[in-house]
Each structure stands twice: as C-alpha cells, then as structure tokens.
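Spelled out, the chains give:
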Amino acid sequence: EIVLTQSPTTIAASPGEKVTITCRASSSVSYMYWYQQKSGASPKLWIYDTSKLASGVPNRFSGSGSGTSYSLTINTMETEDAATYYCQQWSSTPPTWTFGGGTKLELK
Amino acid sequence: EVKLQQSGDELVRPGASVKMSCKASGYTFTDYAMHWVKQSPGQGLEWIGTIIPLIDTTSYNQKFKGKATLTADKSSNTAYMELSRLTSEDSAVYYCAREVLITTSGFDYWGQGVMVTVSS
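Numbering of residues starts from 1 in each chain and follows the order in which that chain's sequence is written. Key to labels: chains lettered from A, ligands numbered from 1, both in the order written. This being a predicted model, a pLDDT of at least 70 is required before a residue's local features are given, and a value of 80 or more before pairs of side-chain atoms are given or counted; all residues contribute to the totals for chains, interfaces and linings. Values reported for side chains reflect all heavy atoms of the structure, with hydrogen atoms and water molecules removed beforehand.

Caption draft 1: Layout of the sheet that holds strand E1 (residues 4-7) of chain A. Residue and element names in this part refer to chain A. Following DSSP output, two strands are said to pair if at least two bridges run between them. Helix and strand assignments come from DSSP, with helices taken as H or I runs of at least 4 residues and strands as E runs of at least 2, each series counted from the N terminus. Spatial ordering of the open sheet is given by E1-E3-E8-E7, a layout of four strands whose pairing is antiparallel. Lying at the two open borders of the sheet, with one neighbouring strand each, are E1 and strand E7 (61-66). On average, adjacent strands in this sheet sit at an angle of 15° to one another, irrespective of strand direction. Pairing of E1 with strand E3 (residues 19-25) involves four bridges; the strand directions are antiparallel. What sits directly across from Gln 6, in E3, is Cys 23. Only the stretch in contact is used when a helix axis is fitted, and all axes are lines through C-alpha atoms; the angle between N-to-C directions ranges over 0 to 180 degrees.

Caption draft 2: Main features of the sheet that holds strand E1 (residues 3-6) of chain B. All names here are of chain B. The four strands are arranged E1-E3-E8-E7 in an open sheet whose pairing can be described as antiparallel. The open sheet has two edge strands, E1 and strand E7 (68-73), and neither has a second partner. Adjacent strand axes in the sheet meet at a mean angle of 20°, parallel and antiparallel pairs treated alike. Here four bridges tie E1 to strand E3 (residues 18-25), and the two strands are oriented antiparallel to one another. Within the sheet, the bridge partner assigned to Leu 4 lies in E3 and is Ala 24.

Caption draft 3: The arrangement of the packing of aromatic side chains in detail. Residue and element names in this part refer to chain B. Only Phe, Tyr and Trp rings take part, Trp by its six-membered ring, and two of them pair if their centres are within 6.5 Å. Stacked means planes under 30 degrees apart, edge-to-face means over 60, and tilted covers everything else. Taken as a whole, this structure holds twelve aromatic pairs over all chains when the rule is applied. With 5.8 Å between their ring centres and 80° between their planes, Tyr 95 and Trp 110 make a pair best called edge-to-face. Note that Tyr 95 is positioned in strand E9 (residues 92-100) and Trp 110 in strand E10 (residues 109-110), a separation of 15 residues in sequence. In terms of burial, Tyr 95 and Trp 110 fall into one category: buried. For every residue, the accessible area (1.4 Å probe, protein chains only) is compared with the maximum for its type, and the residue is labelled buried under 20%, exposed over 50%, or partly exposed between those bounds.

Caption draft 4: Expanded view of a nonpolar patch on the surface. Side chains of Leu 54, Ile 55 and Leu 101 of chain B sit close together on the surface and give an oily, nonpolar patch of about 270 Å² of accessible area. When its relative accessible area of 54% is taken as the criterion, Ile 55 of chain B is described as exposed. Here, patches come from residues exposed beyond 30% relative accessible area and free of salt bridges, joined within 9 Å for like charges and within 5 Å for nonpolar side chains (Val, Leu, Ile, Met, Phe, Trp, Tyr). Here, Shrake-Rupley sampling with a 1.4 Å probe gives the accessible areas, and only protein chains in the shown set may cover a residue. Whenever Lys or Arg places a side-chain nitrogen within 4 Å of a carboxyl oxygen from Asp or Glu, that contact is recorded as a salt bridge.

Caption draft 5: Spotlight on the interface of chain B and chain A. Listed by partner, the interface residues are 20 residues for chain B and 16 residues for chain A. At the boundary of chain B with chain A, total buried surface from both sides reaches about 1,400 Å², with 62% on carbon and sulfur atoms. On the surface where chain B and chain A come into contact, there are zero salt bridges. Nitrogen and oxygen atoms within 3.5 Å of one another constitute a polar contact, given that in protein one can donate a hydrogen and the other can accept it, and given that sequence-neighbouring residues count only through two side-chain atoms. Where chain B meets chain A, there are seven residue pairs in polar contact (both at pLDDT 80 or more). By definition in these notes, contact holds between two residues if any of their heavy atoms fall within 4.5 Å. Summed over both partners, the accessible area lost on bringing two parts together, with a 1.4 Å probe, is the buried area.

Caption draft 6: Looking closely at the pattern of salt bridges. Residues and elements named next belong to chain A. Throughout the structure, instances matching the rule amount to nine salt bridges over all chains. Salt-bridge contacts for Arg 60 lead to Asp 81; the nearest nitrogen and oxygen are separated by 2.7 Å. One end of the pair, Arg 60, is in the loop between strand E6 (52-53) and E7; the other, Asp 81, is in the loop between strand E8 (69-74) and strand E9 (83-92), with 21 residues separating them in the sequence. For Asp 81, a relative accessible area of 1% corresponds to the buried category.

Caption draft 7: Layout of the pairing of E9 of chain A. All names here are of chain A. Of all ten residues in E9, eight are buried; the element is thus mostly enclosed. Across five bridges, strand E4 (residues 33-37) lies against E9 in antiparallel orientation. Paired with Gln 37 across the bridge in E9 is Thr 84. Of the strand pairs in this sheet, E9 and strand E11 (residues 103-107) are connected by three bridges, and their pairing is antiparallel. The residue bridging Tyr 85 from the neighbouring strand is Thr 103, located in E11. Bridge count between E9 and strand E10 (residues 95-99): five bridges; the pairing is antiparallel. Counterpart to Trp 90 in the pairing with E10 is Trp 97. Between E9 and E10, which pair antiparallel in sequence order, lie two residues.

Caption draft 8: Examining the state of the cysteines more closely. Residue and element names in this part refer to chain A. Count a disulfide wherever a pair of cysteine sulfur atoms falls within 2.5 Å. Applying the stated criterion across every chain, the model contains two disulfides over all chains. Here Cys 23 pairs with Cys 87 through a disulfide, and the sulfurs are 2.1 Å apart. Disulfide Cys 23-Cys 87: torsion about the S-S bond near 70°, hence right-handed. You can see Cys 23 sitting in strand E3 and its partner Cys 87 sitting in strand E9, a full 64 residues away along the chain. Here the two residues Cys 23 and Cys 87 agree in accessibility, since each one is buried.

Shown next as structure tokens:
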C-alpha cells in the first residue's frame with residue numbers, strides 16, 4: 001500500500017507570499033491529485049494529473065512532480081487560499097485511492 | 001448542473017446499521033464511478049470504496065471490507081452506502097464523489113456530506 005506524506009502539516013503565509021506544499025509517496029506513482037477543503041465544506045478537486053488545474057482554479061496555483069515527490073505551489077498567496085490541501089494518488093493493483101494527511105494553510 | 005445530493009445526517013445506536021444515499025443529477029450516471037470518502041472529526045480524508053454503476057462492480061479499501069457495502073440504482077441515478085455494526089469509530093462525515101470512467105482524473109464533484117453520529 002502506498003503511503004502519502006504531506007509537509008508541512010501546517011503553514012502560515014502572508015498575502016503575496018509564495019507557498020509550496022509537498023507530497024511524498026512511499027513508492028513511485030504516475031500522477032498526483034490535489035484537493036482544497038475549507039472548513040465545513042466538501043473537498044474540491046484542485047489539481048489533476050499532477051499539473052492540470054481544475055475548472056475555476058486560479059492560475060497562481062501550479063502542480064508539479066514525478067516519481068515519489070510532488071508539490072502544489074501558490075505563486076502569490078491570497079486570503080481566499082487559506083484552506084486545507086490534500087494530495088491523492090491512485091494505484092491499479094488492487095484499485096485503491098489514497099489521500100495524504102493534509103496541509104493546513106493559514107493566513108499570517 | 002451536476003449535483004450529488006446526499007441524504008440527511010444520522011444519529012444511530014452502537015451496533016446498528018445505517019444506509020445513506022447519494023442522488024446524482026445533471027450528468028449520465030453510468031458514465032462515472034461513484035466513490036465514498038470518510039472524514040473523521042478534525043481528521044483527513046479516507047477512501048472507502050468505489051462502485052461502477054455501469055457494470056455494478058465494487059472495490060473497497062481493505063480497511064472497510066465488511067464495514068461498508070456499496071450499491072447503486074441506475075433507474076434512479078442513486079448510489080448507496082450501508083455501514084454495519086457501528087461503533088464510535090464510525091462517527092464521521094461521509095462524502096460521495098464521482099469520477100469519470102474513461103480516464104483516471106480525480107473526483108471532480110462531491111456531495112455535501114452526511115454526518116453520522118454513533119451514540120447511545
């Protein structure tokens with residue numbers, strides 16, 4: 001079973017700051033997915049296939065990575081970006097989806 | 001407009017079962033898989049399992065085998081999850097979320113969640 005480890009667990013950023021969240025997989029994965037979840041709301045697909053932005057996601061967000069190391073970057077932090085972000089991967093044998101533990105991004 | 005409308009919050013006794021629903025609208029139900037995800041209070045997301053309504057096939061996280069049973073009714077575009085032998089560890093919010101079948105692309109729409117509270 002592949003384990004996803006996110007870092008940091010919590011991060012605080014000021015508006016305008018660059019933010020990077022990392023997700024490390026215990027074994028190589030083909031793609032990474034990212035979700036944004038705000039308090040009391042359902043998660044939203046944010047980035048898919050490692051680097052593609054979901055519909056409506058601002059282009060200050062980007063995703064990158066390969067193998068066992070992936071990241072989500074916010075080029076310039078905005079107040080609305082404060083949320084918890086989860087990475088996710090899919091394994092085919094057996095068919096399994098796994099989430100990382102989450103990174104809480106707070107406004108400084 | 002795509003919508004996944006989940007049933008209401010539940011208060012259930014320990015040892016009992018609960019069955020929740022996820023009614024899909026705004027898209028072709030059989031073009032997508034339906035996933036179920038657990039979020040315990042203050043915790044992260046856990047994938048429970050998936051049902052492919054088109055071929056009525058399920059796959060489960062090993063952790064939830066025997067706990068969760070996924071079904072779907074194509075005639076009403078509704079997916080269901082039943083949780084059995086409930087304990088306090090099952091108190092959580094449960095989400096349904098869809099994923100397109102033709103490619104692995106993540107869970108692009110989610111229901112609003114069902115809060116299950118297990119208490120005597």
